[in-house]
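Notes for the structure review
Residue strings, one per chain:
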Amino acid sequence: MKPIGADERTTAQEGSAHSDEQARPLVLELRKVTCAYEVGRAAISDVSFSVREGEILCLLGPSGCGKTTTLRVIAGFEPVVGGEVYLKGQLVSAPGVLLPTERRRVGMVFQEYALFPHLRVSENIAFGLRDLPSVLRETQVHAMLAMTGLTGLERRYPHELSGGQQQRVALARALVQKPVVLLLDEPFSNLDPDMTRKMREDVHDLLRRTKTTAILVTHDHEEAFAMADRVAVLNNGCLEQFDTPETIYHTPSTPFVADFVGQADFIPGTIANGKVLTEIGEFPNQGGYQGGASVVVMVRPDDIHILPVEHSGARILARQFRGSENLYTISLPSGRVVHSSETSTSVFPVGAPVELQIVATHTVLFERKQTQELGA
Amino acid sequence: MALGVAGVICAPLMYIVYLALSADSSVWSRLWNTRIPELLFNTVSLAVSVSAGTFVLGVSLAWLVVRYNFLGRQVWEWALVLPLAMPTYVLAYVYTYLLGAGGPVEQAWQIWAGPEGRVFSPHSYAGATLVMTLDTFPFVYLLTRAALLNFNLSYEEVARVCGASRLRRMLTVTLPLLRPAIVAGLSLVILYVVSDFGAVSLLRFQTFTYAVYQQITGRYDQTAAGVLSLLLVLFALIFLVIERWFRERSRFYQTTGRYRVPARKPCGPLGTGLITLYMVVVFGIAFGLPALLLIHWSVSAVAEGAVDVRFLGFMRNSVFLSGLAATFALLIGTPLAYLASRWPSRLNVLCLQAAYAGYVLPGPVGALALLVLFSHLAPFWYGTAVVLIVAYIVHFLPAGLQTMEPALQQVTPNLEEAARSLGLGPVRTFRETTLPLVQGGFVAAWVLMFLQCMKELPATLLLRPVGFDTLAVRVWLEASEEYYKLAAPSALLIVIMTLPALLLLVSKDWRAA
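Residues numbered from 1 in each chain as written. Chains lettered and ligands numbered in written order. Predicted model: local features only at pLDDT ≥ 70, side-chain atom pairs only at ≥ 80, totals over all residues.

In this section: the overall build of chain B. What chain B contains, in helices and strands, is 22 helices and two strands. Computed over C-alpha atoms, the radius of gyration of chain B comes to 24 Å, within 12% of the 24 Å expected from 2.2 N^0.38 for 513 residues, which places it in the range of a compact globule. In terms of overall dimensions, chain B has a C-alpha envelope of 80 × 70 × 55 Å along the principal axes. Taken across its 513 residues, chain B has 46% of its residues classed as buried. (Helix = DSSP H or I, 4+ residues; strand = E, 2+ residues; numbered from the N terminus. Rg over C-alpha atoms; globule rule 2.2 N^0.38 Å. Buried ≥ 20, exposed ≤ 12 C-beta atoms within 10 Å, placed from the backbone.)

Structure (structure tokens):
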């Protein structure tokens, strides 16, 4: 098998319009990929998605959902037992086919960074550039140091760096090779929370500036939304939804996704006269369900507003102050609980009767039995 | 009190330094012109060749056992540690028989090479190298294996992502990262080689330890012995420092992160066969064959009535001395380790560090110092078992402390405070919190020290009361006279008794190291 070549790299039409998504070539494609560590127990099954050049994709899911396995399949660390993986149009993984990692031209940033402790910062970054003449290698390392804000630290050893600096070195080491696709495995999970926000912005900016195609694994939906052009949500080794962050948040395709990417309440309802009747009001029947069908409506706290009134069956059960908002827990007459997000200055006493106003721009319906697994 | 104990333990070392530095310059120049160049050359070249041998054996065996999967792997993983149970003088004595003139190896060789065929003599540089290598390669094996097991696989994966081939990954990533562990293992080996007395004395190979012994017993020249001892101490000190330094570093090289069991490469029948052959040969010549030979000799010695009242007397002497020494060492070590871990003031830590002085005092050197010290300061104890017990304590307390220290460190003040806050009085706190946490470590320390004392040879030879022989001394005496059969029961008993200590050591300390 020929290695993923450097020749195409330079000819790729760089930055050819964010406007025209379809014009950008596919860099990576997974077709019904199945991978199993033990026979008969698939870690991921039938996962398909594709990434276009310059795109940032997030693999999102709870721990054990197969997102890291997917990343390792792409890197070539794990063989597949079904399906195919194409890198730059070339088949690299299939049952019986495995282009070794070292010939794939992928970059990888590990969760714990895995900086070589016996090498200095500049030697770490230059590790993958062995084939270049030393002058060229030097220039590239320096350019990378400057770009990642590490100038002046090149003589240090990894243990002499802070967590954020270590991460920059790991990024620099991966990016300096101009990888076809950069893989990041939970890159922010080892940082302090206040550091994470800044690093996210920096990394996002760096990936855009270098026009790097990247796949990022995370279990944090906020991180996925902040970083990604598109998000692939995985659960139990299956791809649940693959779409833009906005679509995933507003119109999740399964109850799992709805619940995982943000707070969601599921209100049971019945189809009648082409509408969904629930205890908090009527919703359009967007799923095209038949009359009499039992469904649930997904509502997010920002779809529900509350108004204090004299008399109502609904009462405020609790208020959680979150700085930028107040999250209210409301008990309905039936005993069901829903949540409402109000501005941070709207403070109502616990126990007050309230009236609900639904301001949903999207209505998301599921069959009732689907949500029962979630215990909703 | 701790200060006093530390002082007593340090006294032999101090005295050696004093003895050597106060020696007349003519003694120095005489030694420098006669003995020292030869001894230095012999000791260094033995250390170099044994290091080379243990490096090859230790690293390759560790690599096979950790990175490959083959039939019987788990068994070999443990079996390869067993050579440590063979004291060097036992292995040396077995090999003087095997390789000696008219011995089985020569006979086998003559079948092939004709009646004039000769194998190398065990009483040579090659013989000493062989015995010491076979006896000490498990140090390198154990430390390398532990480092490989804790190895963060992400390093190798990152190297793959960077396009490095298998060979380049091994040379530029894996081996450099194992370097601290390997160097620590090699330093341990060298420390062992330069302070060994048993093997070199039986193989009559002139090194510093052997020369010190000869100066004391043959020439009664204590000053010359002191000078040679100081050089030996310096030698040992250098490698002790190197070992400490690299062990510290190796801890540091194993970054945290998700631990994954390294994927073992499965072996086909051919691979399994080759690996098994290699393991069988190494294990066979280092432990299996010598052990079988000892059993064989012991059986016939017992049949000839060698295990008589005298033999039981030697056994009783060994157990008596070792038991007393281990118990006293534990009593002395506890306050030192406790003070240093609970109130780590500079003085307390210094006292603890001082107790480690025994590490750089090879058996004959410590014996020499105590011999002279006792004859000057407490002549009424001279020639009694007291001197010997003090020698044991000085020599083996460091090993005990190394096991006691981590046990005591487990007991953080918070735990005791938690017990107190839950309403337990000081006595119950000690009984229900402190004691259960430390007792395992303390029992282990006692067993370790006891068995080290059982094996001890040079100090016992020099300091034992007249007619008060131990098992180790008997092995050495009989073996020196080439009474192979007579030496076997004692030797076998020592090997068998050392096994539990070895398992203790392997299961506890080394994996964590």
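Residues and elements named next belong to chain A. An order of S2-S1-S4-S5-S6 is seen for the five strands of this open sheet, with the pairing classed as antiparallel. Only two strands of the sheet have a single partner each, and these edge strands are strand S2 (41-52) and strand S6 (97-98). Relative to strand S5 (residues 90-94), strand S4 (residues 82-87) is paired through three bridges, and the arrangement is antiparallel. Bridged to Val 85 within S5 is Ser 93. (Pairing = 2+ DSSP bridges.)

Turning our attention to the packing of helix H5 (residues 88-99) of chain B against helix H7 (residues 125-149) of chain B. All names here are of chain B. Closest axis-to-axis distance for the H5/H7 pair is 10 Å, and the angle between their directions is 135°. Compared by their axis directions, H5 and H7 come out oblique. At the point where H5 passes H7, the crossing takes the right-handed sense. In this structure, H5 contributes Thr 88, Leu 91, Ala 92, Tyr 95 and Leu 99 to the contact, and H7 contributes Gly 127, Leu 130, Val 131, Met 132, Leu 134 and Asp 135. (Axes fitted to C-alpha atoms, helices over the stretch in contact; angles between N-to-C directions. Parallel < 35°, antiparallel > 145°, perpendicular 65-115°, else oblique. Left-handed = near helix turned anticlockwise from the far one by under 90°. Contact = placed C-beta atoms within 7 Å.)

Moving on to the environment of Ala146(A). Residues and elements named next belong to chain A. Relative to the assigned elements, Ala 146 resides in helix H4 (residues 134-147). For Ala 146, a count of 11 C-beta atoms within 10 Å translates into the label exposed. Put simply, Ala 146 and Ala 172 are 26 residues apart on the chain and 9.8 Å apart in space, counted from C-alpha to C-alpha.

Residue and element names in this part refer to chain A. Taken domain by domain, chain A holds domain 1 (7-105 + 179-257) and domain 2 (266-372). Distance from the C-alpha centre of domain 1 to the C-alpha centre of domain 2: 34 Å. A breakdown of the residues in the side of domain 1 that touches domain 2 according to their chemical character gives two nonpolar, two polar and no charged. (Domains from an automatic or database assignment. Nonpolar A, V, L, I, M, F, W, Y, C, P; charged D, E, K, R; others polar.)

Attention shifts here to the interface of chain A and chain B. At the junction of the two partners, chain A supplies 18 residues and chain B supplies 20 residues. If one sorts the elements of the side of chain A that touches chain B by residue count, strand S7 (residues 106-109) of chain A sits on top with three residues. Looking at the side of chain A that touches chain B residue by residue, the class counts come to nine nonpolar, seven polar and two charged.

Moving on, we get to helix H6 (residues 193-209) of chain A. Each full turn of the α-helix corresponds to 3.6 residues, which orients residues three or four apart in the same direction. The end-to-end C-alpha separation of H6(A) is 25 Å, in line with the 24 Å expected for 17 residues at 1.5 Å each. Downstream of H6(A) by one or two residues, Lys211(A) has phi in the positive range, about 50°. (Expected span 1.5 Å × (residues − 1).)

What follows covers the environment of Ala232(A). Residue and element names in this part refer to chain A. When you line up the elements, Ala 232 lands in strand S10 (residues 230-235). Between the alpha carbons of Ala 232 and Val 276 there is a distance of 30 Å; along the sequence they are 44 residues apart. Discounting residues that sit within four places of it in the chain, Ala 232 has contacts with Phe 49, Leu 57, Leu 59, Leu 60, Leu 239 and Phe 242.

Let us look at the domain arrangement of chain B. Residues and elements named next belong to chain B. Considered domain by domain, chain B is made up of domain 1 (48-210 + 231-303) and domain 2 (305-513). Between domain 1 and domain 2, the contact holds 31 residues from the first and 33 residues from the second. Of all elements in the fold, only H5, H7, helix H10 (198-202), helix H12 (222-253) and helix H13 (269-303) reach the threshold of two or more residues within the side of domain 1 that touches domain 2.

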